[in-house]
Structures are given as C-alpha cells and as structure tokens.
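In case you want the letters, here they are:
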Amino acid sequence: MFKFELLKTAKDSKARLGKITTNHGEIETPIFMPVGTRATVKTMTPDELKEIGSQIILSNTYHLFLRPGTEIIEKAGGLHKFMNWDKPILTDSGGFQVFSLSDNRKITEEGVHFRSHIDGSKMFISPEKSIDIQNILGSDIIMAFDECAPYPASHEYIDNSMRRTLRWAERCKEHHKNTDNQTLFGIIQGGMYKDLREISAREMVDMDFKGYSIGGLSVGEPIDLMNDILDFTTDFMPESKPRYLMGVGSPDYLFEAVERGVDMADCVLPTRIARNGTVLTHNGKIAIKNALYKEDFSALDKECDCYTCRNFSKAYIRHLFNVDEILGMRLATIHNLYFLLDMMKNIRESIRGDYFLEYKDDFYKKYGYK
Ligand SMILES: CNc1nc2cc3c(=O)[nH]c(N)nc3c(CC[C@H]3O[C@@H](OC)[C@H](OC)[C@@H]3OC)c2[nH]1
Ligand SMILES: [Zn+2]
C-alpha cells in the first residue's frame, strides 16, 4: 500500500509537513534518506541505522544488477531479507549510474547499451528491464527509468532527452504491475530550461504517478540555479503527492529544498565525507584529522547527543583516522547521519510550530552559511 498525507503547509514558504505510509512502515516528511547503494549504508548495521532514526534507506538498481545480480537477491527473497532491513527501501532506476559510471554507452529509443564499469562486459537496460529489476529487489518505492541529462547541455539536447524520458516513463507505467507492493515515481527532467521543465512536469503529472522526483539537478550547477529551477518546478507538482529531490544532501541544500516544497531527499555526502574524516557540526564542518584536535577531549559536537558524541572525544577519533582504524569511519558516519536526520526532525518540528524560516536563519548563522 502507499499513502501520502499532507499534514501542514507553511504560511511563509512552500515548506510542508507530511507522512508516507508503505507496507514496511511510515516515513515522516520532510525526510533525508541515507544512501545504501550496494545494499549497505557503508559501515552501518541495520540496528545502528534504526538507532540514529533512519526511517527509509536507498539502494541502487544499476549496482545491484551488476553485483551480486538479481538472481541471488531473488533467491534471498528480495532486498529487505537479503540486507535484513525491515523498514522502507527506495531504489533508483539505474538511469543516473548508467550515464555517470559506465563509458561508451549508447542511448537508443529502446534503452541504453553500455559496458559494465566492473568488467567491461556489454550490458543493456531498458525502461521495462529497470522495472523488472526493481520488482525483484522488492523495494517499496521505485523510480522510472530516465536520462539524467548532463550539465551544461543545449536546449535542443535537453528537449530531445526530456521527451525520450517521457516516452520511457509511459513504458515504465505500462510495464509496472506490482502496484500493491511497489509504488512507481515519475522523474521530471528538463535541465535548466524552464520551458522544458514545464512540459516535463505537466506531461508527468498527466500520467498520474503516485509521487514525483525532480531529476537532473545537483549535477554541478550553482546552488542559485538549482534553487531557481526547483522553485519553478514544484509549482507544477500536485500538492497531494510526495516530491523527491534526487542527490541533495548538505545542510543548506536540504533547507533550500524544503523551503521550495520538497518532501524527500537523498545524498551520499554525509556518509562519503565521514569516511575521510570530515564531520558536520552545528558550527560548520571540521576535518578531524587536523592536529588541532590532538589533545581536544571534547565531543565532535557539544550539541549532539549521538552515540559517537556521547562516548568518544575528538582526540580519540582523530587518532583512529590517523592510524587508519575502521572504527573512525564508523563513528564519523554515525555522527554525520545522525546530524542530518536530527536536523530534518528539527525542520519538521519547525514547520509544525510555524517557525521554519527562523530555524533556518538560526542554523545558517551558527553553521557559518551566508
Ligand atoms: C548527486 N546528484 C544527483 N542528481 C541526480 C539526478 C538523478 C536523476 O535525474 N535521475 C535518476 N534516476 N537519479 C538521479 C540521481 C541518482 C540518485 C541515486 O544515486 C545514488 O547515489 C549516488 C543513489 O543510489 C542509491 C541514489 O538513489 C536514488 C542523482 N544524483
Ligand atoms: Zn554526534
């Protein structure tokens, strides 16, 4: 089953509070979704993910199609069982990875021919194939197969790409049968061109998907351009359906997205930077390997009550990174994910209490944003 309830919309912005209900549980929105590309949120166990407040995690069709392959996951009884995660899972359609990871790919009306980035073997993914793979994975929310167009790109390129993505979306909708257990989101494209964004949004909305992603953003464009396109696009999206901005995840990007009416976001940023010792704190980012912290026995962030901040000091975590101990990456990951999940919880509270913009201003001042 799938239900989205819009609980409240802010008076002074497009920020909104909602709740998604799926077969594997509820998701409070606005929500940040940790990325578990290859059936694991790197260094974290499912219990640790639950303890820090993860309500839903992501995994990736392209990667899992390549390794371990759908046969093994099918035999395991699906992705939830395979990775022992019993809450909601969202999978991407593989569109982004095919274009960003594999080389000498060939896009045809039928689908995309590409070589595996692992062993160079010839592969092919079509809209129908992507739906079939996601069906085997058994994720609760699945994405239509699309082209996430490169940035920058000409109006002509984006026009052709966006219209092909619309035709692919029709085929995905046609092919998607498991509608009781899996919910298919359409992905709005159109690059940085408002006329093309409007066409894509209107056509996608007419296809009546249960939810919509805003794709083709967070692909290297300046934040002001992303915000402008995002603000324009959400106005064409139905209020009664979830809006998912793909690939967004630093604190400011999340605040700006929520302010423009986004309900869901994902990004590898917090987990990726944690593994090289970059830690999010209320006073901005810190590089824990810095000698500055050699004898600093305070917590990473004095305002944080995550497991890491309650039990370990900067000096100890710096030591772990300096001697390449795996625990260092784990403790930094726990903290970075908790930091963002807790920030999103505070954002939801601020929308509920009608002080979202004030919360945003306070956060920006302390974090050191403009
Ligand atoms: C970083 N910026 C960014 N812009 C993006 C735009 C698109 C898009 O237009 N279409 C599709 N299909 N995917 C996109 C994605 C990938 C997100 C996935 O990529 C994986 O993270 C890298 C992760 O897989 C678990 C996630 O799953 C939803 C984007 N990522
Ligand atoms: Zn912490």
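From a predicted model like this one, the values you see are computed outputs, not experimental measurements.

Enquirer: Hey, could you run me through the domain arrangement of the protein in this one?
Expert: Interface size is commonly expressed as the accessible area that is lost once the parts come together. For the protein, the assigned domains read domain 1 (3-266) and domain 2 (270-358). The gap between the C-alpha centroids of domain 1 and domain 2 is 27 Å. In this complex, domain 1 contributes 30 residues to the contact, which on the side of domain 2 involves 24 residues. Where domain 1 abuts domain 2, roughly 2,500 Å² becomes buried across the two surfaces, and 71% of that area is made up of carbon and sulfur atoms. For the pair domain 1 and domain 2, the interface holds five salt bridges. Scanning the region where domain 1 abuts domain 2 turns up six residue pairs in polar contact (both at pLDDT 80 or more).

Enquirer: How should the sheet that holds strand β13 (residues 243-245) be read in this particular structure?
Expert: Across a sheet, paired strands are connected by hydrogen bonds in the backbone, their directions being either parallel or antiparallel. Spatial ordering of the open sheet is given by β4-β14-β13-β12-β11-β10-β6-β5, a layout of eight strands whose pairing is parallel. Whereas interior strands pair on both sides, the edge strands pair on one side only; in this sheet they are β4 (31-34) and β5 (57-60). Neighbour-to-neighbour, the strand axes of this sheet turn through a mean angle of 25 degrees, independent of strand direction. Strand direction decides the pairing type here: strand β12 (residues 211-214) and β13, joined by three bridges, are parallel. Within the sheet, the bridge partner assigned to Y212 lies in β13 and is R243. Strands in contact with helix α6 (residues 127-137) are β6 (89-92), β10 (141-143) and β11 (183-188); relative to β10, the strand with the most contacts, it is inclined by about 160 degrees.

Enquirer: Teacher, can you tell me more about the UniProt feature "binding site: Zn(2+)" (unreviewed entry) in the protein here?
Expert: Feature annotation in UniProt assigns "binding site: Zn(2+)" (unreviewed entry) to the following positions: C304, C306, C309 and H335. The named residues occupy 32 residues along the chain; their greatest pairwise C-alpha distance, 8.3 Å, places them in one compact cluster. Along the chain, C309 falls in helix α12 (residues 307-311). Leaving out residues up to four positions away in the same chain, C309 has contacts with A299, L300, D301, C304 and H335. Inspection of the secondary structure puts H335 in helix α14 (residues 326-352). Residue classification places H335 among the buried residues on the basis of a relative accessible area of 0%. At a separation of 2.6 Å, a polar atom in the side chain of H335 contacts the main-chain carbonyl oxygen of L280.

Parameters at a glance
- Residues numbered from 1 in each chain as written.
- Chains lettered and ligands numbered in written order.
- Predicted model: local features only at pLDDT ≥ 70, side-chain atom pairs only at ≥ 80, totals over all residues.
- Heavy atoms only, no water.
- Domains from an automatic or database assignment.
- Contact = heavy atoms within 4.5 Å.
- Buried area = accessible area lost by both parts, 1.4 Å probe.
- Salt bridge = Lys/Arg side-chain N within 4 Å of Asp/Glu carboxyl O.
- Polar contact = N/O pair within 3.5 Å; in protein donor to acceptor, adjacent residues only side chain to side chain.
- Pairing = 2+ DSSP bridges.
- Helix = DSSP H or I, 4+ residues; strand = E, 2+ residues; numbered from the N terminus.
- Axes fitted to C-alpha atoms, helices over the stretch in contact; angles between N-to-C directions.
- UniProt positions renumbered as here; feature names shortened; annotations may be inferred.
- Buried < 20%, exposed > 50% of the residue type's maximum accessible area, 1.4 Å probe, protein only.

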